[in-house]
Amino acid sequence: LPNKSEGQVTQSTKEKRTEAERQTYRLRRYSANMEDYLEAILTLSSGGLPVTVTQLSDALRVSKPSVTAAMSKLAAESLVRHEKYGAVELTSRGRTIAEDVSHRHEALRLFLSEILGMRPETADEDACKLEHHLSHDSSVQLTRFVDYVLNADGGKPAWLSEFASSQKSEPARQ
């Protein structure tokens, strides 16, 4: 019979390793372009169909050779699986990173549109630029803040509506 304490040690070791992997990811940052590719693959694969180089090229408005070169780099980092002329698929690690990028994007988009009252198109464009500079921990706190402001005590607070109204009457500063 296995010793119970041995099982506990093994579980504890796995938990430490998993936390260490999370910490390693938090410290390891990829270029904005690489994160954009991962996020695009995640978005395009949400329908359950394979993602192609052509789809990525169209979505990101880059050439097919640029996509192919990026897929080679991402495959070398074990973030995607891609065979020449084949579909692109996120690895488990690639999916984790893509989901984190997507989460940062959504947190920023909601903050900019729902709290600051930015036009949806502007909020989305700015979120796409800013997401690469926001840490995982900051995005978690930003999400909590937006959720609190929009959902605590019955929805949007009066001060937020007053803020939005005051911005419409003041010209934007440049």
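Definitions and limits used
- Residues numbered from 1 in each chain as written.
- Predicted model: local features only at pLDDT ≥ 70, side-chain atom pairs only at ≥ 80, totals over all residues.
- Heavy atoms only, no water.
- Helix = DSSP H or I, 4+ residues; strand = E, 2+ residues; numbered from the N terminus.
- Buried < 20%, exposed > 50% of the residue type's maximum accessible area, 1.4 Å probe, protein only.
- Phe/Tyr/Trp six-rings, centres within 6.5 Å; stacked < 30°, edge-to-face > 60°.
- pLDDT = per-residue confidence, 0-100.
- Contact = heavy atoms within 4.5 Å.
- Core = buried A, V, L, I, M, F, W, Y, C linked by side-chain atoms within 4.5 Å.

1. Topic: unusual backbone geometry
Line of reasoning, step 1. For Arg61, which is not a glycine, the phi torsion comes out positive at approximately 55 degrees.
Line of reasoning, step 2. When you line up the elements, Arg61 lands in the loop between α3 (53-60) and α4 (64-76).
Line of reasoning, step 3. Owing to a relative accessible area of 78%, Arg61 belongs among the exposed residues under this scheme.
Line of reasoning, step 4. A positive phi angle, close to 60 degrees, is found at Ser78, a residue other than glycine.
Line of reasoning, step 5. Classification of Ser78 by relative accessible area gives partly exposed; the value is 43%.

2. As for the packing of aromatic side chains
Line of reasoning, step 1. Evaluation of the coordinates by the stated rule reveals 1 aromatic pair.
Line of reasoning, step 2. A ring pair is formed by Phe111 and Phe145, whose centres lie 6.4 Å apart and whose planes are at 55 degrees; its orientation type is tilted. Within this pair, whereas Phe111 is found in helix α5 (residues 92-115), its partner Phe145 is found in helix α7 (residues 136-151), the two being separated by 34 residues in sequence.
Line of reasoning, step 3. Its relative accessible area of 22% is what places Phe111 among the partly exposed residues.

3. Let's talk about the confidence of the model for the chain
Line of reasoning, step 1. On average, the chain scores 84 in pLDDT, and the residues at 70 or more come to 80%.
Line of reasoning, step 2. Counting contacts from residues 1-10, a segment whose pLDDT is below 50, to residues more than four positions away or on other chains yields 0 contacts.

4. As for the nonpolar core
Line of reasoning, step 1. Ranked by internal contacts, the top residues of the largest apolar core, which has 21 residues, are Leu38, Ile41, Leu56, Met71, Leu74 and Val80.
Line of reasoning, step 2. Contributions of two or more residues to this core are made by α2 (32-44), α3, α4, β2 (88-90) and α5.
Line of reasoning, step 3. With 6 residues, α2 is the single largest residue contributor to this core.
Line of reasoning, step 4. Residues within four places of Met71 in sequence aside, it is in contact with Tyr37, Ile41, Leu56, Val80, His82 and Val88.
Line of reasoning, step 5. If you look at the next biggest cluster of nonpolar residues, it comprises 10 residues, including Ala127, Leu142, Val146 and Leu160.

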